Amino acid sequence: SVGAIIWQESSDSTTFTDIATATASSYTATNLTQSTFYRVKVASGVCDTLFSNIIKVTVSPATVVGTVSNDTTVCASSSNITLSLSGNTGSIQWQVASSLGGSYSNISGATSSTVSTGTLSATRYYRARVVSGACDTLYSREITVTVTPATNAGTLSGAATVCTGNNSTQLNLTSSVGAIIWQESSDSTTFTDIAGATASDYTATNLTQSTFYRAKVANGVCDTLFS
């Protein structure tokens with residue numbers, strides 16, 4: 001520049017005001033709370049007063065990470081579990097990891113307030129990365145989506161023919177996945193739970209009539225199945 005300098009500022013890039021004592025070739029703008037426009041007014045003696053180009057200092061609101069969904073448990077092969085983020089300030093990037101506190105990677109295209117997990121076969125951990133302009137990058141807490149193996153009712157064996165009264169027959173359930181409750185029925189249609197019968201083996205004793213047995217199996221939040 002050639003001439004005496006006075007720095008000016010504006011909130012709308014139209015109406016400018018002089019900044020008192022700001023007459024050097026450099027000016028430091030500090031502690032801004034809103035985006036502000038600047039220009040320099042220059043005059044050399046009796047010559048015309050001219051103005052520099054206008055520059056803008058954009059002030060971003062402070063990053064607020066917000067609140068994410070609660071942890072959840074799903075059955076293996078469950079799909080499209082939706083996680084959400086609310087109350088945030090800043091742009092969002094969802095991330096996923098295979099271990100708690102492990103290495104996170106960005107989920108392609110997952111930049112809105114919600115994200116779908118897709119079909120899961122193992123437990124995964126999710127978080128949201130939030131940043132507002134030039135402000136700090138913050139991370140939400142980790143969301144654990146626990147994947148429970150699907151229920152398997154297994155295979156039941158031990159059918160037998162016994163004499164009424166003093167008898168004993170061991171029944172076996174193999175290859176099941178989930179908590180077991182043995183059931184019995186006199187007609188193979190209406191079954192009732194057998195109290196305390198929760199092991200993979202069950203011994204039927206002292207039967208006085210023909211009886212049908214099956215195992216009711218459920219693994220966590222997964223479906224209840226019957227052998």
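In this text the structure is predicted, and so the values were computed from the model without any measurement.

So, how was this worked out
Every chain's residues receive numbers from 1 upward, in the order its sequence appears when written. Under the rules for a predicted model, residues below a pLDDT of 70 receive no local features and side-chain atom pairs below 80 are neither given nor counted, while totals for whole chains, interfaces and linings still include all residues. Side-chain numbers come from the whole structure's heavy atoms, not from hydrogens or water. Two cysteine sulfur atoms make up a disulfide if the distance between them is within 2.5 Å. Numbering of helices and strands runs from the N terminus; a helix is a DSSP stretch of H or I covering at least four residues, while a strand is a stretch of E covering at least two. We call a residue buried when its accessible area falls under 20% of the maximum for its residue type, exposed when it is over 50%, and partly exposed in between, using a 1.4 Å probe and counting protein chains only. At least two DSSP bridges between two strands are needed for those strands to be called paired. Orientation is described by axes fitted as lines to C-alpha atoms, over the contacting stretch for helices, and by angles from 0 to 180 degrees between their N-to-C directions. In this text, buried Ala, Val, Leu, Ile, Met, Phe, Trp, Tyr and Cys residues form a nonpolar core when linked through side-chain atoms within 4.5 Å. Any pair of residues with heavy atoms lying within 4.5 Å of one another is described as a contacting pair. Basic side-chain nitrogens of Lys or Arg form a salt bridge, by our definition, when they fall within 4 Å of a carboxyl oxygen of Asp or Glu.

Visitor: Help me get a handle on the state of the cysteines, residues and values and all.
Guide: Going through the model one piece at a time under the given rule, you end up with one disulfide. Cys75 shares a disulfide with Cys222; S-S distance 2.1 Å. Handedness here is read from the sign of the S-S torsion; for Cys75 and Cys222, about 110°, the answer is right-handed. Taken together, the residues span a long stretch of sequence, with Cys75 in strand S7 (residues 72-75) and Cys222 in the loop between strand S20 (212-218) and strand S21 (224-226) at a distance of 147 residues. Summarising the burial analysis for this pair, Cys75 and Cys222 share the class buried.

Visitor: Can you break down the sheet that holds strand S6 (residues 67-68) residue by residue, with the values?
Guide: An order of S6-S8-S11 is seen for the three strands of this open sheet, with the pairing classed as antiparallel. The strands lining the two open edges of the sheet, one partner per strand, are S6 and strand S11 (114-116). Here three bridges tie strand S8 (residues 82-86) to S11, and the two strands are oriented antiparallel to one another. Its bridge partner lying in S11, Ser84 is registered against Thr114.

Visitor: I'd like a description of the sheet that holds strand S15 (residues 155-157), backed by residues and values.
Guide: Here three strands make up an open sheet; going across it, the order is S15-S16-S19 and the pairing antiparallel. On the outer flanks of this sheet lie S15 and strand S19 (201-205), each paired with one strand and no other. Looking at each pair of strands side by side, their axes are set apart by 20° on average, direction ignored. Sheet topology places strand S16 (residues 168-174) next to S19; five bridges connect them, and they run antiparallel. Bridge pairing in S19 links Gln170 to Thr203.

Visitor: Could you give an account of the pairing of strand S9 (residues 91-97), naming the residues involved and the relevant values?
Guide: Among the seven residues that make up S9, six are buried, leaving the element largely enclosed by the rest of the structure. The pairing of S9 with strand S12 (residues 124-131) spans seven bridges and is antiparallel. By the bridge assignment, Ala97 is partnered in S12 with Tyr125. Relative to strand S10 (residues 105-106), S9 runs antiparallel, the two sharing two bridges. Bridged to Gln95 within S10 is Asn106.

Visitor: I'd like a description of the nonpolar core, backed by residues and values.
Guide: The biggest cluster of nonpolar side chains holds 17 residues, and the ones touching the most others in it are Leu83, Leu85, Trp94, Ile107 and Tyr126. Secondary-structure elements contributing two or more residues to this core are S8, S9, S12 and strand S14 (143-148). When sequence neighbours within four positions are dropped, the list of residues in contact with Tyr126 reads Leu83, Gln95, Val96, Tyr104, Ile107, Thr117, Leu120, Arg141, Glu142, Ile143 and Val145. In this structure, Leu171, Trp182, Tyr213 and Ala215 belong to the second largest nonpolar core, which totals 12 residues.

Visitor: Quick rundown of unusual backbone geometry? Include the residues and the values.
Guide: Of note, the phi angle at Ser13 is positive, near 70°, even though the residue is not glycine. In this structure, Asn206 is a non-glycine residue whose phi angle is positive, near 55°. Among the structural elements, Asn206 can be located in the loop between S19 and S20.

Visitor: Any chance you could break down the pattern of salt bridges for me, citing the residues and the numbers?
Guide: On inspection of all chains with the given rule, the structure shows three salt bridges. Lys41 is paired through a salt bridge with Asp18; the nearest N and O atoms lie 3.3 Å apart. You can see Lys41 sitting in strand S3 (residues 36-43) and its partner Asp18 sitting in strand S2 (residues 17-18), a full 23 residues away along the chain. On the basis of relative accessible area, Asp18 is assigned to the partly exposed category, the value being 41%. We note a salt bridge from Arg141 to Asp71, for which the minimum N-O separation is 3.1 Å. Placement of Arg141 in the loop between strand S13 (137-139) and S14 and of Asp71 in the loop between S6 and S7 is noted, with a sequence separation of 70 residues between them.

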